[in-house]
Amino acid sequence: MSTSPEPRVDLCWEERAGVTVARLIYRERRLNLVGTPGLAALETAFDELSARSDLRVVVLSGGGDRAFVGGADIGEMATLDRASARRFITRLHGICERIRNLAVPVVARIEGYCLGAGLELAACCDLRLAASGARFGMPEVRVGIPSVIEAALLPRLIGLGRAQDLVLTGRMVDAEEARRIGLVDGVAESVAALDALVDQRVDELAAGGPRALADQKELMRRWQELPLSAAIEAGIDAFERSWETTEPTERMQAFLARKR
């Protein structure tokens, strides 16, 4: 009897104008669903990414054109009990944390379905770019569970009312509505246009100072959690720390030289 291929992650490395970019492609035969084997593959991939000191940008996508990530594997979740359910969702949260804690920007390239766990993974990315045929939703209530873990990012991302609409109804929205409510940052009409848009954003991100980008991403995480006054103080501290390296001086001097 034949067995289904295990989920896998392809890590493709490229150099763009001397900058290292990683393309992480999650592949699973059924809409790129995430179960325990997929979680293990993603953990290994993000641990490898976090160990690369030369990395500047990551592009996260699903294999094929049917889905970015179509959600968690309901076939596996239907077999869980209380203890194993907690282990499963905690492990999925760990993948989300790896994306948010990665020192470099992560761009989600989204084709097809981006549902449940897939939308949570996308919400953890720093930028989300979608094909016009993409579909987004949080359908968990329709299979008897609440939307949890990084679904908590949605009110901060799109506002409380819109987040309530998605998680309480379980309905799907198309790419244009996702763009309108702020769930995605750009929509492309074709796959070629999506790839061009992703490449454009990668080049724009790679143009920033490596230390500045890492500090900015860390500040964005803290801004989601801190009161306004504390968030401002964190920014002042980060601004001061910038001068621990020569990056600000060198880049400002290069800017002034170009102006002259």
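Coordinates for the structure precede this section.
Residues numbered from 1 in each chain as written. Predicted model: local features only at pLDDT ≥ 70, side-chain atom pairs only at ≥ 80, totals over all residues. Heavy atoms only, no water.

Colleague: Quick one: what's the story with the overall build of the protein, residue by residue and with numbers?
Modeller: Tallying secondary structure elements over the protein gives 11 helices and 10 strands in all. Taking 18 Å as the expected radius of gyration for a compact globule of 260 residues, we find that the protein reaches 19 Å, a close match to that expectation. When its C-alpha atoms are laid out on the principal axes, the protein stretches across 65 × 45 × 35 Å. For the protein, the residues scored as buried account for 45% of the 260 residues in total. Long-range pairs, those at least 24 residues apart, make up 71% of the contacts in the protein between residues at least 6 apart in sequence. If you sum the accessible surface of the protein, you get close to 13,500 Å²; carbon and sulfur atoms cover 55% of it. Here the protein holds 34 positive side-chain charges and 38 negative ones, and the gap between their average locations is 2 Å. (Helix = DSSP H or I, 4+ residues; strand = E, 2+ residues; numbered from the N terminus. Rg over C-alpha atoms; globule rule 2.2 N^0.38 Å. Buried < 20%, exposed > 50% of the residue type's maximum accessible area, 1.4 Å probe, protein only. Contact = heavy atoms within 4.5 Å. Areas by Shrake-Rupley, 256 points an atom, 1.4 Å probe, with all protein chains shown as cover. Lys, Arg positive; Asp, Glu negative; His and termini not counted. Charge placed at Lys NZ, Arg CZ, Asp CG, Glu CD.)

Colleague: How would you sum up the nonpolar core? Please name residues and give values.
Modeller: Residues Ile110, Phe136 and Leu183 are the most contacted members of the largest nonpolar core, which totals 51 residues. With near-sequence residues (within four places) excluded, Leu183 lies in contact with Leu119, Arg128, Phe136, Leu154, Leu157, Ile158, Leu166 and Ala178. Listed in part, the 14 residues of the second largest apolar core include Val57, Val107, Leu194 and Leu197. (Core = buried A, V, L, I, M, F, W, Y, C linked by side-chain atoms within 4.5 Å.)

Colleague: Go over the pattern of salt bridges, please, and point to the residues and values.
Modeller: The full count for this structure, using the stated rule, is 24 salt bridges. A salt bridge links Arg100 to Glu97, with the nearest nitrogen and oxygen atoms 3.6 Å apart. Separated by 3 residues within a single helix, Arg100 and Glu97 lie in helix H3 (residues 82-101), roughly one turn from each other. Since its relative accessible area comes to 10%, Arg100 is described here as buried. Close ionic contact of Asp126 with Lys217 constitutes a salt bridge, the shortest N to O distance being 3.0 Å. Taken together, the positions of Asp126 in the loop between helix H4 (117-124) and strand S7 (127-131) and Lys217 in helix H9 (residues 210-223) put the pair 91 residues apart, joining distant regions of the chain. Looking at Lys217, the relative accessible area reads 6%, which means it is buried. Three or more residues joined by partner-sharing salt bridges are found here, namely Glu14, Arg16, Arg23, Asp199 and Asp203. (Salt bridge = Lys/Arg side-chain N within 4 Å of Asp/Glu carboxyl O.)

Colleague: So what about the environment of Ala175? Which residues, and what values?
Modeller: With respect to the element layout, Ala175 can be found in helix H7 (residues 175-180). On a C-alpha basis, the gap between Ala175 and Arg135 in space is 6.0 Å, while along the polypeptide they are 40 residues apart. If near-sequence neighbours (up to four positions away) are discounted, Ala175 is found in contact with Ala131, Ser132, Ala134, Arg135, Phe136, Val184 and Val187.

Bear in mind that shape data such as this cannot, by itself, settle questions of function.
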